[in-house]
Amino acid sequence: PLRAGEPGTLFTTLAPRCTQIATRVPTVFRVAMPASVAALLDTFDGLNLNIDAVGLPLACLQLGSFFDRLLFVMMAPCVIALLIIAWCTTAEAFAANRSSTRLKGGLIRALPYLLGLSFLAFPMVSSLAFQAFSCESFDGGTRFFLRADYSLNCDADEYDAVMNLAWAAIVLYPLAIPLVCLVLLLSTRKAILTEQPTPLSGALAFLHQDYEPSMFWWEIVEIAKK
């Protein structure tokens, strides 16, 4: 589905997406990688904004528990997204005279930044949310603890709060983000297929510019792989 272009186009287009998927496999699926492969994946882990890999004292930041980490990685991109929208809408206000134009123009101006933010945040939030379903048994299967946080008993009431938060994260990221992207792409498919850009199709270039016009929706498949 990729556009024909320079020899490096295939690598620059697929490499970030593939590395985001590959670096999540050992954590989410508990797959033991050879040392050389694990070392290579660690070098690309920055594409996932892995909060555990930045070396911050998470306990001192009140992010020591799995619930707190999940809540932080789930809400931080939302806060950043609101700041981006506010900044772009304010910037648009200096270039437009009508309120409706300012709001619409601000959202379109913010779209490329929001798509870039979702590209980085999506695998981090999704992989952490699905880790909430992975418990390990002890004492002959009589006790279960969360693999991502062995201080959390999967039979305790606190685990219910973690599960509720995990489902909220799954609805907001793995489900809502691809759906919103697909709706936006379909709403501007005529401009993409005829290669006659509009402000909206131009703002969505991050999603479709690397693919043939007829395959403008393929990025949704790549998102689903994550």
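As the structure is a prediction and not an experimental result, all values here were calculated from the model.

Rules of the game
Residues numbered from 1 in each chain as written. Predicted model: local features only at pLDDT ≥ 70, side-chain atom pairs only at ≥ 80, totals over all residues. Heavy atoms only, no water. 1 Å grid on protein atoms, 1.4 Å probe; cavity = no way out; pocket = protein on both sides within 12 Å on 5 of 7 lines; lining within 4 Å. Points joined across faces, edges and corners; volume = space filled by probe spheres on them. Helix = DSSP H or I, 4+ residues; strand = E, 2+ residues; numbered from the N terminus. Nonpolar A, V, L, I, M, F, W, Y, C, P; charged D, E, K, R; others polar. Axes fitted to C-alpha atoms, helices over the stretch in contact; angles between N-to-C directions. Parallel < 35°, antiparallel > 145°, perpendicular 65-115°, else oblique. Left-handed = near helix turned anticlockwise from the far one by under 90°. Contact = heavy atoms within 4.5 Å. Disulfide = S-S within 2.5 Å. Buried < 20%, exposed > 50% of the residue type's maximum accessible area, 1.4 Å probe, protein only. Phe/Tyr/Trp six-rings, centres within 6.5 Å; stacked < 30°, edge-to-face > 60°.

### Some thoughts on the layout of surface pockets
By rolling a water-sized probe across the atoms, one finds the places where empty space is left. Considered as a void within the structure, the largest pocket measures approximately 450 Å³ in volume. As for the largest pocket, its lining consists of 18 residues, and the residues nearest its centre are Ala81, Leu114, Ser118, Ile177 and Val180. Considering every element that reaches the lining of the largest pocket, the biggest residue donor is helix 5 (residues 157-187), with seven residues. Of the residues belonging to the lining of the largest pocket, the class tally is 17 nonpolar, one polar and no charged.

### Observations concerning the packing of helix 3 (residues 66-93) against helix 5
Helices that pack against each other are described as a pair by the angle of their axes relative to one another and the distance between those axes. Running from amino to carboxyl end, helix 3 crosses helix 5 at an angle of 25 degrees, the nearest separation of the two axes being 10 Å. On the basis of their axis angle, the class for helix 3 and helix 5 is roughly parallel. You can see that helix 3 and helix 5 cross each other, and the crossing is left-handed. Side by side, helix 3 and helix 5 meet where Phe66, Phe67, Leu70, Leu71, Val73, Met74, Pro77 and Cys78 of the first sit next to Ala161, Val162, Leu165, Ala166, Ala168, Ala169, Leu172 and Tyr173 of the second. In terms of residue class, the contact of helix 3 with helix 5 is made up of 16 nonpolar, no polar and no charged.

### What to know about the state of the cysteines
Overall, the coordinates contain one disulfide when judged by the stated rule. The side chain of Cys135 participates in a disulfide bridge whose partner is Cys154; the two sulfur atoms lie 2.0 Å from each other. The sign of the -95 degrees torsion about the S-S bond sets the Cys135-Cys154 disulfide as left-handed. Residue Cys135 is found in strand 1 (residues 135-138), and its partner Cys154 is found in the loop between strand 3 (149-153) and helix 5; the two are separated by 19 residues along the sequence. Under the relative-accessibility criterion, Cys135 is labelled partly exposed at 22%.

### Remarks on the packing of aromatic side chains
Under the counting rule described, the total for this entry stands at seven aromatic pairs. Centre to centre, the rings of Trp87 and Tyr113 are 5.7 Å apart; their planes meet at 70 degrees, and the pair counts as edge-to-face. Of this pair, Trp87 sits in helix 3 while Tyr113 sits in helix 4 (residues 99-130), and the two are 26 residues apart along the sequence. Since its relative accessible area comes to 44%, Tyr113 is described here as partly exposed. Each ring, one from Phe119 and one from Phe206, has its centre 5.7 Å from the other, and the planes form 75 degrees; the classification is edge-to-face. Taken as a pair, Phe119 in helix 4 and Phe206 in helix 8 (residues 205-208) lie far apart in primary sequence, 87 residues in all. Overall, Phe119 belongs to the buried group, its relative accessible area being 12%. Taken together through their ring pairs, the aromatic side chains of Phe130, Phe133 and Trp167 make up a single cluster.

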